[in-house]
Amino acid sequence: LLYTIKFEAMIGFVTSTELIELTSCIPKIKGRSDLVSSLIDAFQLPEKMDIIDPIRISGLQLTEFHSKDYIEALESYNDETDKELLQKHGLDYDCPPFVRMFETVCAIGGSSIDAAEALALKLYQVVVNWFGGWHHGQPQKAEGFCYLNDCVLAIKYLRNTFDKVMYVDLDLHHGNGVEEAFYHSPHVLTYSVHKFETGFYPGSGEIHSIGDGKGRGYSINIPLRDGASDSTLKRVVDATLPLVIRKFSPDAIVCQCGADGIAGDPHQAFSYTPEGLSYVTQKIVSFQKPTLLLGGGGYNFTNVARAWTQITADILGESIPDSIPDHKHFCDYGPGFEMTITPGNMKDLNGEEYLSGIIGVVTDNINSLL
């Protein structure tokens, strides 16, 4: 392991049969939650953690961030709901409505708020919730496969206890919904490493988006080009993250561990492997702050399961074999039936000159504005 991680308490792990069932029905990630949970179970990792069985939150609790009319649209949805109303709230192409949609949103919201509560009560130093991480959700509408923004809800809950919260986003896509929610706040710092290219969703997250007003300097964006590798991810994180921690000195950290930058994802944009994502999460945990690890994007479902299982094992300090254990989804991991993901042959377009340039801009902003 890269870091020696010692905890006074066990790690909290959010899961329940209902949560797996509901989130496995989300149209764009149908079945993914079951794959992830089954692989983590197959390595017997939940036995080494405290299980947090979350409670669904109410529509009223969702209005801590989302608008009342959006929540009402979710709750009242049926086959006869007016299409214009659905489109108004983003419930169409990217986020098609589905059966038990409102229940699912309340369950996901509850999972991340219960995780945040466990940290606020100092029950654990780390809580893992692979069902969360829906970072594109907007106050009045669904967006980018995200029917809510549980990241924002969790951060708002943590802010009741912790003065300063840092949000780290490792997803292929910029965490626009979270950044926008706190763009004017000096109490929540957002730090996002993502693909940035003209025409690539969501179109935000360029390097000079640094926050505004009292929040100027508290939004940090590290835009990468196609082919970003583990070494590129490690390079930018090592050069900037410890400096942010030192200057901002967060009281708690939320990390969205989107896995759509992993080689083999249908987006075919980055060439990360689970080792790269785990390196960053271990580094974050090593700062010994109350930390919430969330899921996120990732559309090669077996690779997502590999990544989040590996991160879970590494955070626990558990060494797991490379061979996939026999379990109900074993056949999905053929033909190799291994945990290892090879990065592929994609050229990393993030050359030394480009990386030095963005690191220079980001570190100058951190030093001058925080």
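Residues numbered from 1 in each chain as written. Predicted model: local features only at pLDDT ≥ 70, side-chain atom pairs only at ≥ 80, totals over all residues. Heavy atoms only, no water.

Caption draft 1: Highlighting the overall build of the protein. Per the secondary structure count, the protein includes twelve helices and eight strands. What you see for the protein is a C-alpha radius of gyration of 19 Å, in line with the 21 Å of a compact globule of 370 residues. Oriented by its inertia axes, the alpha-carbon framework of the protein measures out at about 55 × 55 × 45 Å. Of all 370 residues assigned to the protein, the portion counted as buried reaches 59%. Long-range contacts, defined here as pairs at least 24 residues apart, represent 81% of the contacts in the protein between residues at least 6 apart. (Helix = DSSP H or I, 4+ residues; strand = E, 2+ residues; numbered from the N terminus. Rg over C-alpha atoms; globule rule 2.2 N^0.38 Å. Buried < 20%, exposed > 50% of the residue type's maximum accessible area, 1.4 Å probe, protein only. Contact = heavy atoms within 4.5 Å.)

Caption draft 2: Summary view of helix 4 (residues 68–76). Within helix 4, burial applies to Tyr70, Ile71, Ala73 and Leu74. The buried side chains of helix 4 occupy one side of the element, clustering within an arc of 155 degrees when seen end-on. Facing away from the buried side of helix 4 by more than 90 degrees, the exposed set consists of Lys68 and Glu75. As for helix 4, its buried residues are in contact with helix 3 (59–62) and helix 6 (101–120). (Arc of directions from axis to C-beta.)

Caption draft 3: View of helix 12 (residues 352–369). Counted at 1.5 Å a residue, the expected span for helix 12 with its 18 residues is 26 Å, and the 25 Å between its end C-alpha atoms agrees. All of the buried residues along helix 12 are Leu355, Ile358, Ile359, Val362, Thr363 and Ile366. Viewed end-on, helix 12 has its buried residues packed into an arc of 125 degrees, placing them on one side of the element. In this structure, helix 12 carries Glu353, Asp364 and Ser368 as exposed residues pointing more than 90 degrees from its buried face. Residues of helix 12 that are buried sit in contact with strand 6 (219–224) and helix 9 (230–248). (Expected span 1.5 Å × (residues − 1).)

Caption draft 4: Molecular detail of unusual backbone geometry. The residue after Tyr201, namely Pro202, is reached through a cis peptide bond having omega 0 degrees. Looking at the element boundaries, Pro202 is found in the loop between strand 5 (188–195) and strand 6. Backbone geometry at Lys122 places phi at a positive 60 degrees, although glycine is not the residue there. Following the sequence through the fold, Lys122 ends up in the loop between helix 6 and strand 3 (126–129). Take Lys122: its relative accessible area is 63%, and that puts it in the exposed class.

Caption draft 5: Region of the structure containing the packing of aromatic side chains. Enumeration over the complete set of coordinates arrives at six aromatic pairs. Here Phe145 and Tyr299 contribute two aromatic rings whose centre-to-centre distance is 5.5 Å and whose plane-to-plane angle is 85 degrees, an arrangement assigned as edge-to-face. Of this pair, Phe145 sits in the loop between strand 3 and helix 7 (150–158) while Tyr299 sits in the loop between strand 8 (291–294) and helix 11 (301–316), and the two are 154 residues apart along the sequence. An angle of 55 degrees between the planes, with centres 5.2 Å apart, marks the rings of Phe270 and Tyr272 as tilted. Of the two residues, Phe270 and Tyr272, both sit in the buried class. Sitting over the face of the ring of Phe248, Lys164 holds its NZ or CZ atom 5.3 Å from the ring centroid. (Phe/Tyr/Trp six-rings, centres within 6.5 Å; stacked < 30°, edge-to-face > 60°. Lys NZ or Arg CZ within 6 Å of the ring centre and 35° of its normal.)

Caption draft 6: Highlighting the nonpolar core. Grouped together as the largest cluster of nonpolar side chains are 122 residues, with contacts concentrated most on Tyr147, Met166, Tyr191 and Leu224. Top element by residues in this core is helix 6. It accounts for twelve residues. Those residues in contact with Met166 that lie beyond four places of it in its chain are Leu189, Tyr191, Leu241, Val244, Ile245, Phe248, Pro250, Ala252, Ile253 and Val254. (Core = buried A, V, L, I, M, F, W, Y, C linked by side-chain atoms within 4.5 Å.)

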